[in-house]
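Coordinates in review
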Amino acid sequence: MASSLVKSRGLISKLRSKLGSISLFHQNIYCMSSSKSKTHDVYSSIIPQIIGNPVFVSCNLPTLLVSRRFESTKAQNQLLHTAYDEDYQALDFPGGKVGITSKMRFISETNGNRVQCCRVLDDDGHLLEEPFHKVSEELAVKMYEKMLTLQVMDTLFYEAQRQGRISFYLTTVGEEAINIASAAALCSDDLIFPQYREPGVLLWRGFTLQDFANQCFGNKADLGKGRQMPIHYGSNKLNYITVSSTVATQLPHAVGAAYSLKMDCKDACTITYFGDGGTSTGDFHAALNFAAVLEAPVIFFCRNNGWAISTPISDQLRSDGIVVRGQAYGIQSIRVDGNDALAIYNAVYEARAMAVAEKRPVLIEALTYRAGHHSTSDDSTKYRPLEEIEWWKRTRDPVTRFRSWIVRNGWWNDKKESELKSTVRKQVLNAIQVAEKLEKPPVADLFSDVYDFPPSNLKEQERCLREAVTAHTKEYPQNVPV
């Protein structure tokens, strides 16, 4: 310990001799002249030079100056503006000066008004006003085709599960616009950290219907080698991080990846999707604070569909939804109509531009409704009235709303609709048949891709499994290579 202290002191002495201006500047900060103008000259002339000069990054400067890692912290600017106001009484706090008052005031839990919800199309598909970012005919038609494809795919895979052909499935009924419109506003270099109700984002990026079927059936063509349960998709090629069942664990991961993109000076961001239930986890709060402090280019996209499986939003939050939580962490936030594809597209488009250009996080809360069951393991009519579900399907369906808009523009008609549905249905059914016939991944794939050199206990487990399968062939699927 003593030796380390001696070495440290020696190093500091050498730095002081080489960077004498630092010591002088240090004194000027704490022994300021009574003249405001002279002091201001010291700040204005020295601060830009030091902050802009990487030589000084690791120097032990006073609190007023920060390393380049925290260069964008706003507290330093606040201190500069308030330090010379004689009438301003403030508490000099490490996070910046805070005004002082003799009045006892508690911050109200609400200002009395709910945060408004941004909408571009009304329930009948009419434009309320021209969107900030206009959508071309080509893009609009592609968005609608993908939403329709997602609907058909969900219907057929759900039926396949009910027939016992796959073990599990989860639909996006009522949330198709969130999937497709948000994906359309992103760039291919942006990293996707999904929850599990965003297959449309992957569909938009080029994941084929056969790819979806292979994953759900867990065959040898599955990119995940059959190790994940159905609908837990992933694609390195398409920058879509593999789905994890555990709620909200993807949020901190998305922030870390976004910070990495920032450090590498990439013109890209990350986006992470989660439901309202995910905001009740510790990972949500840790991720938002992490992103705000480090100013990571990440978009937090909350699908507030009213239900966390059987838990209603009223049992989770006392606050005005999710959007107000962004401000508490110092994050710009917006609330949008999750059933309005144009509103979602515009919000995500703008959020991405802010995240990439300004290197900062953005929170989007999309108000929508889960019009289907949570999954094939759930019967939502046990905890919410069927009439409520049918009303949302009938009056607030995002696909129908968007279709009304493109039909009114002359970009779509019934003939195109019928042809597309028929084509997609045939493609999905064919993909299911192909996936069903393919062999399962070999037993060896259960033990690979974790250790460079498998430990002895793992080798023993593999040997025992092979022996069990060989000895009891009737108890195991015939299409699993041993």
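Conventions used here
Residues numbered from 1 in each chain as written. Predicted model: local features only at pLDDT ≥ 70, side-chain atom pairs only at ≥ 80, totals over all residues. Heavy atoms only, no water. Helix = DSSP H or I, 4+ residues; strand = E, 2+ residues; numbered from the N terminus. Contact = heavy atoms within 4.5 Å. Areas by Shrake-Rupley, 256 points an atom, 1.4 Å probe, with all protein chains shown as cover. Salt bridge = Lys/Arg side-chain N within 4 Å of Asp/Glu carboxyl O. Expected span 1.5 Å × (residues − 1). Buried < 20%, exposed > 50% of the residue type's maximum accessible area, 1.4 Å probe, protein only. Core = buried A, V, L, I, M, F, W, Y, C linked by side-chain atoms within 4.5 Å. Pairing = 2+ DSSP bridges. Axes fitted to C-alpha atoms, helices over the stretch in contact; angles between N-to-C directions. Parallel < 35°, antiparallel > 145°, perpendicular 65-115°, else oblique. Left-handed = near helix turned anticlockwise from the far one by under 90°. Polar contact = N/O pair within 3.5 Å; in protein donor to acceptor, adjacent residues only side chain to side chain. Nonpolar A, V, L, I, M, F, W, Y, C, P; charged D, E, K, R; others polar. pLDDT = per-residue confidence, 0-100.

This brings us to the overall build of the protein chain. Scanning the protein chain from N- to C-terminus turns up 16 helices and nine strands. Across the protein chain, contacts joining residues at least 24 apart in sequence account for 71% of those joining residues at least 6 apart. Of the accessible surface of the protein chain, which amounts to about 26100 Å², a share of 53% is contributed by carbon and sulfur atoms.

Turning to the pattern of salt bridges, a few remarks are in order. Summed over the entire model, instances satisfying the criterion amount to 22 salt bridges. Close ionic contact of arginine 403 with aspartate 414 constitutes a salt bridge, the shortest N to O distance being 2.6 Å. Of this pair, arginine 403 sits in helix 14 (residues 398-408) while aspartate 414 sits in helix 15 (residues 414-437), placing them eleven residues apart in sequence. One connected set of salt bridges, linked through shared partners, spans Arg119, Asp123, Asp337, Arg396 and Arg401.

Glancing now at helix 10 (residues 282-294). An α-helix turns once every 3.6 residues. As a result, residues three or four positions apart point the same way. In this model helix 10 runs 18 Å from its N-terminal to its C-terminal C-alpha over 13 residues, within 8% of the 18 Å that 1.5 Å per residue would give. Of all the positions in helix 10, only Phe284, Ala287, Leu288, Ala291, Ala292 and Leu294 are classed as buried. Close packing links the buried residues of helix 10 with helix 9 (250-263), strand 4 (270-275), strand 5 (298-304) and helix 11 (323-328). Looking one or two residues beyond helix 10, the residue adopting positive phi is glutamate 295, at roughly 50°.

Tracing the backbone shows asparagine 305 in the loop between strand 5 and strand 6 (307-308). What asparagine 305 contacts, discounting residues up to four positions off in sequence, is Glu175, Arg197, Asp276, Thr368, Tyr369 and Arg370.

We now examine the nonpolar core. Ranked by size, the top nonpolar core spans 77 residues in total, and within it Met143, Phe157, Tyr233, Phe301, Phe402 and Trp405 carry the most contacts. Considering every element that reaches this core, the biggest residue donor is helix 5 (residues 137-162), with 13 residues. Excluding its chain neighbours within four sequence positions, the residues that come into contact with phenylalanine 157 are Ile166, Tyr169, Phe212, Ala213, Val428 and Ile432. Formed by 24 residues, the second largest nonpolar core is a distinct cluster that contains Leu191, Ala292, Phe300 and Leu363.

This part covers the sheet that holds strand 8 (residues 332-337). Here five strands make up an open sheet; going across it, the order is 3-4-5-9-8 and the pairing parallel. Two strands close off the open sheet at either side, each with one partner strand: strand 3 (191-193) and strand 8. Averaged over all adjacent pairs, the angle separating strand axes in this sheet is 20°, with direction ignored. In the sheet, strand 8 pairs with strand 9 (residues 362-367) via six bridges, with the strands oriented parallel.

Here we take up the packing of helix 5 against helix 14. One can describe the packing of helix 5 onto helix 14 by two numbers: an axis separation of 10 Å at closest approach and a directional angle of 150°. Relative to helix 14, the element helix 5 is oriented roughly antiparallel. Where helix 5 crosses over helix 14, the two elements pack in a sense that is left-handed. Touching Ala140, Met143, Tyr144, Met147, Leu148 and Gln151 of helix 5 are Val399, Phe402, Arg403, Trp405 and Ile406, all from helix 14.

Bringing helix 15 into the picture now. Helix length check: helix 15, at 24 residues, gives a terminal C-alpha distance of 35 Å against a target of 34 Å (1.5 Å per residue), a fit within 8%. For helix 15, the side-chain oxygen to backbone nitrogen distance between the N-cap and lysine 415 is 3.2 Å, and the N-cap itself is asparagine 413.

A separate point is the packing of helix 5 against helix 8 (residues 209-217). Contact pair helix 5 / helix 8: the axes reach a minimum separation of 12 Å and the direction vectors enclose 30°. In terms of axis orientation, helix 5 runs roughly parallel to helix 8. When the axes of helix 5 and helix 8 are compared, the crossing they make is right-handed. Listed contacts from helix 8 to Thr149, Met153 and Phe157 of helix 5 are Leu209, Phe212 and Ala213. Residue classes in the contact of helix 5 with helix 8 are distributed as five nonpolar, one polar and no charged.

Next up on the list: the side chain of threonine 376. The topology assignment puts threonine 376 in the loop between strand 9 and helix 13 (386-395). In this view, threonine 376 contacts Tyr158, Gln161, Arg162, Phe168 and Tyr169; residues no more than four positions away in its chain are not counted.

Among the six residues of strand 4, six are classified as buried, and the element is accordingly described as predominantly covered. Going residue by residue along strand 4, you find Thr270, Thr272 and Phe274 tucked away on one face and Ile271, Tyr273 and Gly275 tucked away on the opposite face as well. Two elements, strand 4 and strand 5, share six bridges in a ladder whose sense is parallel. Paired with tyrosine 273 across the bridge in strand 5 is phenylalanine 301.

A few words now on unusual backbone geometry. The backbone of isoleucine 309 shows a phi angle near 55°, a positive value even though the residue is not glycine. Here isoleucine 309 shows up in the loop between strand 6 and strand 7 (311-312). Of note, lysine 359 is a non-glycine position whose phi angle comes to about 50°, a positive value. By the element assignment, lysine 359 lies in the loop between helix 12 (341-358) and strand 9. Residue classification places lysine 359 among the buried positions, given a relative accessible area of 19%.

Moving on: the confidence of the model for the protein chain. Regions with low pLDDT should not have their predicted coordinates read in detail. Across the protein chain, the average pLDDT comes to 85, with 82% of residues at 70 or higher. Taken as a whole, residues 78-84 scores under 50 in pLDDT and shows twelve contacts with residues more than four places along the chain or in a different chain.

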